[in-house]
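Residues per chain are reported as follows:
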Amino acid sequence: MIDFTWYNPTRIIFGRQTHLRVGEETSVYSKKALLHYGGKSIKASGTYDGIVKSLTDAGVSFVELGGVCPNPRLSLVRQGIDLCRKEGVDFILAAGGGSVIDSAKAIAAGAPYKGDVWDFYTTDRKPETVLPIGVVLTIPAAGSESSDGSVITREEGPDKRSFISSLLYPRFAILNPELCYTLPKNQIGAGGADILSHVMERYFSPNEETDLSDRLCEAAMRSLIHNLPRVLENPQDYDAWAEVMWTGNVAHNGLLGKGRMEDWASHGIEHELSAVYDIAHGAGLAIVFPAWMKYVSKSHPGKMARFACQVFGISPEDKTEEEVIRLGICCLENFFKSLGLSVTLKEAGIGREAFDVMAQKAVMNGKLGSFQTLDEKDVKAIYELAE
């Protein structure tokens, strides 16, 4: 293993009815919060009412800002910053999935900052302080509830950029699987692809002596592949949702990547895709990841073959290594299809007109990846494989 330091201060509160403790948890940090959320679903499901009552009972006043959409927008972040300053807010409570949490993190970083929050996403500037953040998770997918990163889209580019700071870790994250019961199937599918991709970005590493984390990654992937069909079949299966929700957290809380180089090329390639076409991030990853695997499979064929055997149960008997790898990628594509996701750009209604621009922007800050480093030509070839 390579040397590492691991730090994750987010306190996880997991289980039934735990979202009703949000007022008690928030009151430790604040008496006036910004309640940040997405669309109408949080109100239709009753989650909003439960959160509001909990905050009120705990003596926490709040202002609210809804309207977060997938690929969260910089314009709404700026509205949130202005609102926090105007109202004297000193805590951000995100109620939603990764997009809401990433938007909340951006507001938390931008509110105390004298410059433009977009500086953090496009320069080497880092926040010196941020408003504390709490989370009520409603969509297991991005893992942002206990990560140190935020991804935001600036509409004018469009540009989708990220930044990382240890200050962005939420103080607490409430994970109640019951809040997932009303999720539509398209969000379940895209969320599942995002979770699986977070594990794969760590699993496909050039490092070889990583036995423990290899096995942890494989267990996480197998668990997700087993339990996602269960929640699609029965959206009120608490036990299956609990497995999915916890896997989503473990996939991106930093544990699985320790002691190894991580890759993240597929995420970089997909960010340009969703910036231009506004496709859901997980749906974009379901298209990009198999194409990336096909392109880089000869770099470390042993790991690709192990993925096929250990994650999808492909028997290597009477097969060449190349055949095993091809079957593993086919199984991955079939799994994504079973979630209702497209696995080619054509199926998603996306053409090739932006390939050159997307490839150029994907590597504007340097080559991508560690499993195999990719330049602009490589990225364009992966878009072409994804057609």
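Residues numbered from 1 in each chain as written. Predicted model: local features only at pLDDT ≥ 70, side-chain atom pairs only at ≥ 80, totals over all residues. Heavy atoms only, no water.

1. Describing the packing of aromatic side chains
Stated formally: Ring pairs are drawn from Phe, Tyr and Trp, using the six-membered ring of Trp, whenever the two centres fall within 6.5 Å, and their geometry is named by plane angle: stacked under 30 degrees, edge-to-face over 60, tilted for the rest. Strands here mean DSSP runs of E at least two residues long; helices mean DSSP runs of H or I at least four residues long; both are numbered from the N terminus. Classification of residues uses two cut-offs on accessible area relative to the type maximum, computed with a 1.4 Å probe and protein chains only: under 20% is buried, over 50% is exposed, and between them is partly exposed.
By the definition in use, this model includes 20 aromatic pairs. Here Phe120 and Phe163 contribute two aromatic rings whose centre-to-centre distance is 5.4 Å and whose plane-to-plane angle is 35°, an arrangement assigned as tilted. Placement of Phe120 in helix α6 (residues 119-122) and of Phe163 in strand β7 (residues 159-164) is noted, with a sequence separation of 43 residues between them. Comparing Phe120 with Phe163, the two get one shared label, buried. Look at Tyr203 and Phe307: their rings are 6.3 Å apart centre to centre, the planes differ by 50°, and that puts the pair in the tilted class. Of the two residues, Tyr203 sits in helix α7 (residues 185-203) while Phe307 sits in helix α12 (residues 301-312), which places them 104 residues apart along the sequence. Of the two residues, Tyr203 and Phe307, both sit in the buried class.

2. Observations regarding the state of the cysteines
Where we set the bar: Count a disulfide wherever a pair of cysteine sulfur atoms falls within 2.5 Å.
Evaluation of the coordinates by the stated rule reveals zero disulfides. There is no disulfide at Cys84, and the cysteine sulfur nearest it, in Cys69, is 18 Å away.

3. Here we look at helix α3 (residues 47-57)
Think of an α-helix as 3.6 residues a turn; residues three or four steps apart then line up on the same face. For the record, the criterion: Every residue pair with non-hydrogen atoms within 4.5 Å of one another is taken to be in contact.
Buried within α3 are the following residues: Thr47, Tyr48, Gly50, Ile51, Val52, Ser54 and Leu55. Contacts from the buried residues of α3 go to α1 (22-27), β2 (32-37), α2 (41-44), β3 (61-65), β4 (92-96) and β5 (133-137). Phi turns positive, to about 75°, at Gly59, one or two residues after α3.

4. Regarding empty space enclosed by the protein
Short version of the rule: Here a cavity denotes a set of grid points, spaced 1 Å apart and computed over the protein atoms alone, in which a 1.4 Å probe fits but from which it cannot get out, and a pocket denotes an open set meeting protein on both sides within 12 Å along at least five of seven lines; residues with an atom within 4 Å of a point are reported as lining. Grid points are joined across faces, edges and corners, and a volume is the space filled by probe spheres set on the points. As a working rule, the residues Ala, Val, Leu, Ile, Met, Phe, Trp, Tyr, Cys and Pro are called nonpolar, Asp, Glu, Lys and Arg charged, and the rest polar, with Gly in that last group.
Applying the stated rule across the entire model yields one cavity of 30 Å³ or more. Computed from the structure, the largest cavity encloses a volume of approximately 40 Å³. Around the largest cavity, the lining residues are Ile139, Pro140, Leu183, Gln187, Ile188, Gly191, Gly192, Leu228, Trp241 and Val244. Looking at the lining of the largest cavity, the elements with two or more residues in it are α7 and α9 (238-250). At four residues, α7 tops the list of elements feeding residues into the lining of the largest cavity. The residue inventory of the lining of the largest cavity, partitioned by class, reads seven nonpolar, three polar and no charged.

5. Describing the nonpolar core
In summary, soluble globular proteins display a tendency toward joint burial of nonpolar side chains. Heads up, the condition is: Throughout, nonpolar core names a set of buried Ala, Val, Leu, Ile, Met, Phe, Trp, Tyr and Cys residues whose side chains join them through atoms within 4.5 Å.
If you look at the biggest cluster of nonpolar residues, it comprises 104 residues, and the most contacted ones within it are Phe204, Trp292 and Phe336. If you tally residues by element for this core, the top one is helix α11 (residues 281-296), at nine residues. For Trp292, the contacting residues outside a window of four places in its chain are Phe204, Asp263, Ala265, Ser266, Met304, Phe371, Leu374 and Ile382. In this structure, Ile13, Val22, Ala95 and Val136 belong to the second largest nonpolar core, which totals 18 residues.

6. Here we look at the layout of surface pockets
Looking at the second largest pocket, its volume works out to about 230 Å³. As for the second largest pocket, its lining consists of Lys294, Ser297, Lys298, Pro301, Glu322, Ile325, Arg326, Ile329, Cys330 and Glu333. A per-element tally of the lining of the second largest pocket places helix α13 (residues 321-338) first, with six residues. Here the lining of the second largest pocket is built from residues that sort into four nonpolar, one polar and five charged.

7. Description of the pairing of β7
Cut-off, in case you're wondering: The pairing criterion for strands is at least two bridges between them, as found by DSSP.
Direction of pairing for strand β6 (residues 149-154) relative to β7: antiparallel, over a ladder of six bridges. The residue bridging Val151 from the neighbouring strand is Ser162, located in β7. Count of turn residues in the β6/β7 antiparallel hairpin: four residues.

8. A closer look at the environment of Ile51
When you line up the elements, Ile51 lands in helix α3. Separated by 29 residues in sequence, Ile51 and Val22 place their C-alpha atoms 6.6 Å apart. When sequence neighbours within four positions are dropped, the list of residues in contact with Ile51 reads Val22, Leu35, Ile42, Leu93, Ala95 and Val136.

9. Re the pattern of salt bridges
Test applied: The salt bridge criterion pairs a side-chain nitrogen of Lys or Arg with a carboxyl oxygen of Asp or Glu, the two atoms within 4 Å.
Per the counting criterion, the structure on display carries 23 salt bridges. The closest approach of N and O atoms between Glu387 and Arg352, which form a salt bridge, is 2.6 Å. Placement of the pair is Glu387 in the segment after α15 (376-385) and Arg352 in the loop between α13 and α14 (355-362), with a sequence separation of 35 residues. Owing to a relative accessible area of 35%, Glu387 belongs among the partly exposed residues under this scheme. Of the charged contacts, one joins Lys380 and Asp356 as a salt bridge, the two residues approaching to 2.8 Å between their closest N and O atoms. Here Lys380 is found in helix α15, whereas its partner Asp356 is found in helix α14, with 24 residues between them in sequence. Its relative accessible area of 26% is what places Lys380 among the partly exposed residues. You can call Asp356 partly exposed: its relative accessible area is 46%. Several salt bridges share partner residues, and in doing so they unite Arg154, Asp159, Arg161, Glu272 and Lys361 into one network.

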